[in-house]
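Spelled out from the first residue to the last, the chains are:
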Amino acid sequence: MIPLPETTATVDGVRIPASVIRDEWNRITQELPDNIPPESPERIYRNLTEQYIWKREIREMLAESGQKINRETAEKFLKLQQKKYSFNAGKISPEKLTQLLNSPRFQLKSAIHFYLNSTVPEKLQVNRTEVENIYRSMPEKFKVPGKENWGLIEVRERQNAETVRALLLQGSSFESVAKRFSPQGIKSPLPRELIEQGKKMKVNEISPVIKSENGWIVAKLHSREKSSIVPLEKVYSQLALELEDAKESAVLAEILRQRLSRKKIIYFPLKQ
């Protein structure tokens, strides 16, 4: 294990001790492969130090503004998101809701949200045109693939499967034949051959007898659903929330860069 220097950096002369990143450093370096590039440990060490400095700067910034980081702030933020994006917190179990509201990470995210909206609200507005542009730019993300809806009958012997198929072709009720020959339903996964066959079949057509893991299957294609696109209104809140998060992250990063640019930061190299 590569040892850390006692001091990782200083910010305006204030020492950043190695203890603040040691646990994360040990966790990451223990998982590194033996053949990593020589510069990788130094890069990891620098990233961890920078992340700590950024988090420290965020807390200083919030403290200067009087913005509290606590459960009350988290509850206020969650209620705001529910109202703004029709987010239903009732779907979260009481245990998980308590865990969320007590989470230091969520409390910090909540405090950052209120700080940014009180200082630079004009940079965080999300409008419908922006959401629509995102929706149109990634059609594959909202595509619902088409599918075949099957009726399946599985039997152990091929001869019985041929009898099943003959009865279905003669017009016997699928439900009655299934109840007679396959009352327990099917236990095998859908055979690949049937999936391929289904692409060529018409609705209400009966398949050939097809081998399955536990015997033989005869299928009826009850219906076919075409591929479709999830309507914008069903995903609007999700996209708007994601866009708001992205804007907050970008604005926060810019504020931190400006604040830290006014400070003298000295990084201490990793001694290998």
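A quick note: this is a predicted structure, and the numbers were derived from the prediction, not measured. For every chain, the first residue of its written sequence is number 1, and the numbers climb from 1 along that sequence. Note on the predicted model: pLDDT of at least 70 is required for a residue's local features to be given, and 80 or more for side-chain atom pairs to be given and counted; whole-chain, interface and lining totals, by contrast, use all residues. Side-chain measures were taken over the full set of non-hydrogen atoms in the model, leaving aside hydrogen atoms and water.

So, the packing of aromatic side chains
Only Phe, Tyr and Trp rings are paired, with Trp represented by its six-membered ring, and only when their centres lie within 6.5 Å; those with planes under 30 degrees apart are stacked, over 60 edge-to-face, the remainder tilted. Evaluation of the coordinates by the stated rule reveals 4 aromatic pairs. With centroids separated by 5.6 Å and ring planes inclined at 50 degrees, the aromatic side chains of Phe77 and Phe106 adopt a geometry described as tilted. Here the residue Phe77 occupies a position in helix 3 (residues 71–85), and Phe106 occupies one in helix 5 (residues 104–119), the gap between them amounting to 29 residues. Like Phe77, the residue Phe106 is buried in the burial classification. Their ring planes at 85 degrees and their centres at 6.2 Å tell us that Phe77 and Phe114 sit as a pair that is edge-to-face. Residue Phe77 is located in helix 3, and its partner Phe114 is located in helix 5; the two are separated by 37 residues in the primary sequence. Burial classification: accessible surface area is computed with a 1.4 Å probe over protein chains only, and a residue below 20% of its type maximum counts as buried, one above 50% as exposed, and the rest as partly exposed. Judged by relative accessible area, Phe114 falls into the buried class, the value being 15%. By the ring-pair criterion, three or more aromatic residues cluster together here, those being Phe77, Phe106 and Phe114. Secondary structure is summarised from DSSP: a helix means a run of H or I of at least four residues, a strand means a run of E of at least two, and numbering begins at the N terminus for each.

A word on the environment of Ser137
By the secondary structure assignment, Ser137 is in helix 6 (residues 128–137). Ser137 sits in the exposed class, given a relative accessible area of 53%.

Thoughts on the confidence of the model for the protein chain
Low-confidence regions, as indicated by low pLDDT, have predicted coordinates that should not be scrutinised in detail. In predicted models, pLDDT denotes the confidence assigned by the predictor to each residue on a 0 to 100 scale. Scored by pLDDT, the protein chain comes out at a mean of 92, with 97% of its residues at no less than 70. When the elements of the protein chain are averaged for pLDDT, helix 9 (residues 192–198) gives the smallest value, 86, and helix 5 the largest, 97.

Section: the packing of helix 3 against helix 5
At a minimum axis distance of 8 Å, the contact between helix 3 and helix 5 shows a crossing angle of 65 degrees. Taken together, the axes of helix 3 and helix 5 are roughly perpendicular relative to one another. In this structure, helix 3 meets helix 5 at a crossing whose hand is left-handed. The residues of helix 5 that touch helix 3, namely those facing Arg71, Thr73, Ala74, Lys76, Phe77, Leu78, Leu80 and Lys84, are Phe106, Gln107, Lys109, Ser110, Ala111, His113 and Phe114. For the contact of helix 3 with helix 5, the class distribution of residues is 7 nonpolar, 4 polar and 4 charged. Every axis in this analysis is a line fitted to C-alpha atoms, fitted for helices over the stretch in contact. Angles between the N-to-C directions lie between 0 and 180 degrees. Angles below 35 degrees are treated as roughly parallel, those above 145 as roughly antiparallel, those between 65 and 115 as roughly perpendicular, and all remaining angles as oblique. By the definition used in this description, the sense in which the near helix is turned from the far one sets the handedness, with an anticlockwise turn below a right angle giving left-handed and a clockwise turn giving right-handed. By definition, residues are in contact when any of their heavy atoms lie within 4.5 Å. The classification used treats Ala, Val, Leu, Ile, Met, Phe, Trp, Tyr, Cys and Pro as nonpolar, Asp, Glu, Lys and Arg as charged, and all other residues, Gly among them, as polar.

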